[in-house]
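# Understanding the architecture of this molecule
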There are 2 protein chains.
Amino acid sequence: MRIVVTGASGFVGRLLVRELLRGRSFSGVPISRLVLVDRVAPPDEEPTADALAQVVTGDLVDRLAEVFAEPVDVVFHLAAAVSAECEADFDLGMRVNVDATRALLDAARTQSATGGPTVRVVFTSSIAVYGRPAAGDLSQPVSETTLPTPRSSYGTQKLVCEHLIADMSRRGYVDGRVVRLMTVAVRPGRPNAAASGFVSAIIREPLAGRPAVCPVAPELTLAVASPRTTVQALLCVAEAGHGDGPGRIRGATPVNVPALTVSVADMLDTLRRLAGPQTADLVTFSPDPFVESVVASWPADFDNTRGAHLGLRPDASFEAVVRDYAADHPEALADRPRLRQLG
Amino acid sequence: MRIVVTGASGFVGRLLVRELLRGRSFSGVPISRLVLVDRVAPPDEEPTADALAQVVTGDLVDRLAEVFAEPVDVVFHLAAAVSAECEADFDLGMRVNVDATRALLDAARTQSATGGPTVRVVFTSSIAVYGRPAAGDLSQPVSETTLPTPRSSYGTQKLVCEHLIADMSRRGYVDGRVVRLMTVAVRPGRPNAAASGFVSAIIREPLAGRPAVCPVAPELTLAVASPRTTVQALLCVAEAGHGDGPGRIRGATPVNVPALTVSVADMLDTLRRLAGPQTADLVTFSPDPFVESVVASWPADFDNTRGAHLGLRPDASFEAVVRDYAADHPEALADRPRLRQLG
């Protein structure tokens, strides 16, 4: 079982790699090789040192020959240009999110057409495929049967790839799986260029004793999933068998990661309750109309039925999300007694 | 007003060109040039001889520089590989339906980015973006708000282009318009490779005194629009102003050509009634599972509200569709007295 993770040095990629190396098997079959592809080398020592790991550093399109030099069984395709990048640079998004995905799919198709295994392609799509419904429709939660009308180039590019993967799966070229990620929070480390990056920053930075700026109004609601929930969903959809029964998946129909709906105000209330006013007061508001317009175009209320059918549940509460973060990243907490008890 | 028609030598393209040359204006502005682009030269003499016409013969992608050598105001993008071709040859469909459309959109974007006019791009999409709903949902007519889940590569490719056009319109790169064509019948001339070609053949061939084979069961229902209704819809959506009022259109949201729902049995009953049993008996049934699988994946029952908002109506009856054909193509009717009265 040779598994490839693209975008392996990204945040979700690193967590997924860690989880795969911990389990050392996929659908009950031992992993023989885990190929970590990214433009930049893995920042963690652990995966690189593992005997299962093969590190491929460079542009995905340029390294496909190397990646497919030996048969590939599964690809987790996480490499992407993020939302704000794609809104700022249309061509970049088309190249990275559409053309590179097509090249990957073509390589997978060539493998099966030449007698190799059919590649299970797990594609990370996004909540950004949806435009937030018009005001009158807000009572209607969004599900996988909701008409996607993206309001961003990023969402459009993800949706385009979803359709190509569905068609190539229908034709038997690949065994495609599509997982639509919610806003993943709380992310450790430095902010990335995702428009939703502030959701992590307004929790992570104060917990580290640093100020943070919130670019949207406190009333804004978001659909959030913790890193743990997100990686669990990726693995669950990837390993699911085809079919209609519980825990099974139909073709390459998309699955939304189960979402927790929470407002910015609720997030900050949770921070205040858990970490105290001194910490919560490190967050100030400074509206950024660009960020607000992108993030406000994503729906926040979700019907999580399809995920539940696969055994997936949203995070229990935003408090649980924050506690998970604190438990996973004790090194990122300011040295205050109250914070050290959080995890 | 310089207008470009791609696929100008195709059936719908020729009708559209004839209509534009008849009116000689677009949205009230005189047409200064009508550029006819196609891989093959226009089969009709009339448009080529017209002083307004400029004929560009060759592969669209290769001729874009020539097409955009002078400012383009409107493009009717009709050039495409048809449904059965795309199902038989995946790469052909991706190249012709996706890559060539992207090249055209990029040329239009470059024009406006360099100070030229924003191109109004009228894209002919298709009913094939929809998969026929599951049996339980058949009572629910399909509209533009129905979730498209294509069951063919052709439908997937059209849907991908719809999303790219919507995003590029949102960004202001082009002024995109998307019209989803129904099965266009009755087509004159020889059958093309469209899976729905038989719908025209089972009327056209008997009317010409020739036998025809119907590859699907008589119970199969289809969503049909006559050539006249189809071209009228293209022009209406192309000329509509942006906005919410009657006759106006919102961004690049798709518009389905208003559809007449009719079964194959009803079509043949109409033929029998209008042209007599001798003519209708020229049709024999010989099931073709490939054609049936493609055509049966398209929905047949439509909610035509959005088209009606623009002032568009479906054909009044299948009898009207057949009479239109007979009136427009008297040369294609067998020399029987009854047929000559049809149109």
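What you see is a predicted model, and the numbers here were worked out from it, not measured in a lab.

### Re the domain arrangement of chain A
Residues and elements named next belong to chain A. Looking at the assigned domains, one finds that chain A contains domain 1 (2-182 + 226-256) and domain 2 (197-221 + 259-340). Relative to domain 2, the C-alpha centre of domain 1 lies at a distance of 25 Å. Between domain 1 and domain 2, the contact holds 34 residues from the first and 24 residues from the second. Of the roughly 2,500 Å² buried between domain 1 and domain 2 on both sides combined, carbon and sulfur atoms contribute 60%.

### Side note on the interface of chain B and chain A
Contact residues are listed per partner, giving 30 residues for chain B and 30 residues for chain A. Interface area for chain B against chain A, summed over the two sides, is near 2,300 Å², with a carbon-plus-sulfur share of 55%. Remark: the boundary between chain B and chain A carries 7 salt bridges. Note that Glu87 of chain A is salt-bridged to Arg170 of chain B, the shortest N-O span being 2.9 Å. In this structure, the connection of chain B to chain A is made through 18 residue pairs in polar contact (both at pLDDT 80 or more). Elements that contribute at least two residues to the side of chain B that touches chain A include exactly α4 (83-88), α5 (90-113) and α6 (153-170) of chain B.

### Details of helix α3 (residues 60-67) of chain B
Residues and elements named next belong to chain B. Residues of α3 that are buried: Leu60, Leu64 and Val67. One side of α3 holds all its buried residues, which, seen down the axis, span an arc of 75 degrees. Within α3, the exposed residues directed more than 90 degrees away from the buried face are Asp62 and Ala65.

### Some remarks on the sheet that holds strand β8 (residues 175-181) of chain A
Residue and element names in this part refer to chain A. Spatially, the 7 strands line up as an open sheet ordered β5-β4-β1-β6-β7-β8-β12, and their pairing is parallel. With one partner strand each, in any of the chains shown, β5 (53-57) and β12 (255-256) form the two edges of the open sheet. Sitting on the sheet, helix α6 (residues 153-170) touches β7 (120-126) and β8, and the angle it makes with β7 is about 155 degrees. The strands that helix α8 (residues 227-239) touches are β6 (74-77), β7, β8 and β12; relative to β8, the one it contacts most, it runs at about 160 degrees.

### Details of the relation of the copies chain B and chain A
The transformation that overlays chain B on chain A combines an axial shift of 0.0 Å with a rotation of 180 degrees, and the residual RMSD is 0.0 Å. Given the turn and translation reported, the copies of this chain are related as if by a two-fold rotation axis. Of the residues that chain B buries at the interface, 100% are likewise interface residues in chain A, meaning the two copies contact each other through the same surface.

### Brief notes about the packing of aromatic side chains
Residue and element names in this part refer to chain B. Taken as a whole, this structure holds 6 aromatic pairs over all chains when the rule is applied. Centre to centre, the rings of Phe26 and Phe76 are 6.3 Å apart; their planes meet at 80 degrees, and the pair counts as edge-to-face. Placement of the pair is Phe26 in strand β2 (residues 25-26) and Phe76 in strand β6 (residues 74-77), with a sequence separation of 50 residues. Of the two residues, Phe26 and Phe76, both sit in the buried class. Aromatic pair Tyr130 and Phe302: ring centres 5.9 Å apart, planes at 65 degrees, arrangement edge-to-face. Highlighted residues: Tyr130 in the loop between β7 (120-126) and α6 and Phe302 in the loop between α11 (289-296) and α12 (305-309), separated in sequence by 172 residues. Accessibility classification places Tyr130 together with Phe302 in one group, the buried group.

### Re the pattern of salt bridges
Pairing is possible between side chains that carry opposite charge, provided their charged atoms lie close to one another. As enumerated under the stated definition, the model contains 41 salt bridges over all chains in all. Its salt-bridge partner being Arg24 of chain A, residue Asp50 of chain A comes within 2.7 Å of it at the nearest N-O pair. Linking Asp50 of chain A in the loop between α2 (45-49) and β5 with Arg24 of chain A in the loop between α1 (11-23) and β2 (25-26), this pair joins segments that are 26 residues apart in sequence. Exposure remark for Arg24 of chain A: the relative accessible area of 35% places this residue in the partly exposed category. The salt bridge involving Arg190 of chain A is made with Glu205 of chain A; its shortest N-O contact spans 3.8 Å. Highlighted residues: Arg190 of chain A in the loop between β9 (183-184) and α7 (197-207) and Glu205 of chain A in helix α7, separated in sequence by 15 residues. Assessed through its relative accessible area of 7%, Glu205 of chain A is described here as buried. Overlapping salt bridges, with partners in common, bring together Glu87 of chain A together with Asp167, Arg170 and Arg171 of chain B in one network.

### Things to note about the pairing of β7 of chain B
All names here are of chain B. Buried residues dominate β7, accounting for 7 of its 7 residues. The alternating pattern of β7 places Arg120, Val122, Thr124 and Ser126 and Val121, Phe123 and Ser125 on opposite faces, both of which are buried. Where β6 lies against β7, 4 bridges are found, and the strand directions are parallel. Paired with Phe76 across the two strands is Val122, which belongs to β7.

### Examining the sheet that holds strand β12 (residues 255-256) of chain B
Residue and element names in this part refer to chain B. Strands sit in the order β5-β4-β1-β6-β7-β8-β12 across an open sheet of 7 strands; the sheet is parallel. Bordering the open sheet on either side are β5 (53-57) and β12, each of which pairs with just one other strand. Across the face of the sheet, α6 comes into contact with β7 and β8 (175-181) while running at roughly 155 degrees to β7.

### Some points on the side chain of Gln111 of chain B
Residues and elements named next belong to chain B. Mapped onto the elements of the fold, Gln111 is located in helix α5. A relative accessible area of 8% means that Gln111 is categorised as buried. Looking at Gln111, its side chain comes within polar contact range of the main-chain oxygen of Pro117, at 2.8 Å. Excluding anything up to four places from it in sequence, Gln111 contacts Phe68, Glu70, Pro71, Val72, Gly116, Pro117 and Val119.

### Here's the deal with helix α9 (residues 264-275) of chain B
Residues three or four positions apart in an α-helix share a direction because the helix packs 3.6 residues into each turn. Residues and elements named next belong to chain B. The end-to-end C-alpha separation of α9 is 16 Å, in line with the 16 Å expected for 12 residues at 1.5 Å each. Val264, Met267, Leu268, Thr270, Leu271, Leu274 and Ala275 are the residues of α9 that are buried. An end-on view of α9 places all buried positions within 155 degrees of arc, on one side of the element.

### Details of the nonpolar core
All names here are of chain B. Counting 87 residues, the largest nonpolar core has Phe76 and Leu207 as the members making the most contacts within it. Sort the elements by how many residues they give to this core and helix α1 (residues 11-23) lands first, with 7 residues. Each of domain 1 (2-182 + 226-256) and domain 2 (197-221 + 259-340) accounts for three or more of the residues forming this core. If we ignore the near neighbours within four places in the chain, the residues touching Leu207 are Leu271, Ala275, Thr279, Val322, Tyr325, Ala332, Leu333, Ala334, Leu339 and Leu342.

### Side note on the environment of Ala201 of chain B
Here Ala201 of chain B lies in helix α7 (residues 197-207). Residues in contact with Ala201 of chain B, not counting those within four places in the same chain, are Pro206 and Ala212 of chain B.

### Looking at the environment of Glu87 of chain B
Tracing the backbone shows Glu87 of chain B in helix α4. Sequence separation of Glu87 of chain B and Tyr154 of chain B is 67 residues, and the distance between their C-alpha atoms is 6.9 Å. Leave out the neighbours within four places in its chain, and Glu87 of chain B touches Arg170 and Arg171 of chain A together with Ser152, Ser153, Tyr154 and Phe290 of chain B.

Thresholds applied
Residues numbered from 1 in each chain as written. Chains lettered and ligands numbered in written order. Predicted model: local features only at pLDDT ≥ 70, side-chain atom pairs only at ≥ 80, totals over all residues. Heavy atoms only, no water. Domains from an automatic or database assignment. Contact = heavy atoms within 4.5 Å. Buried area = accessible area lost by both parts, 1.4 Å probe. Salt bridge = Lys/Arg side-chain N within 4 Å of Asp/Glu carboxyl O. Polar contact = N/O pair within 3.5 Å; in protein donor to acceptor, adjacent residues only side chain to side chain. Helix = DSSP H or I, 4+ residues; strand = E, 2+ residues; numbered from the N terminus. Buried < 20%, exposed > 50% of the residue type's maximum accessible area, 1.4 Å probe, protein only. Arc of directions from axis to C-beta. Pairing = 2+ DSSP bridges. Axes fitted to C-alpha atoms, helices over the stretch in contact; angles between N-to-C directions. Least-squares fit on C-alpha atoms with pLDDT ≥ 70 in both. Phe/Tyr/Trp six-rings, centres within 6.5 Å; stacked < 30°, edge-to-face > 60°. Expected span 1.5 Å × (residues − 1). Core = buried A, V, L, I, M, F, W, Y, C linked by side-chain atoms within 4.5 Å.

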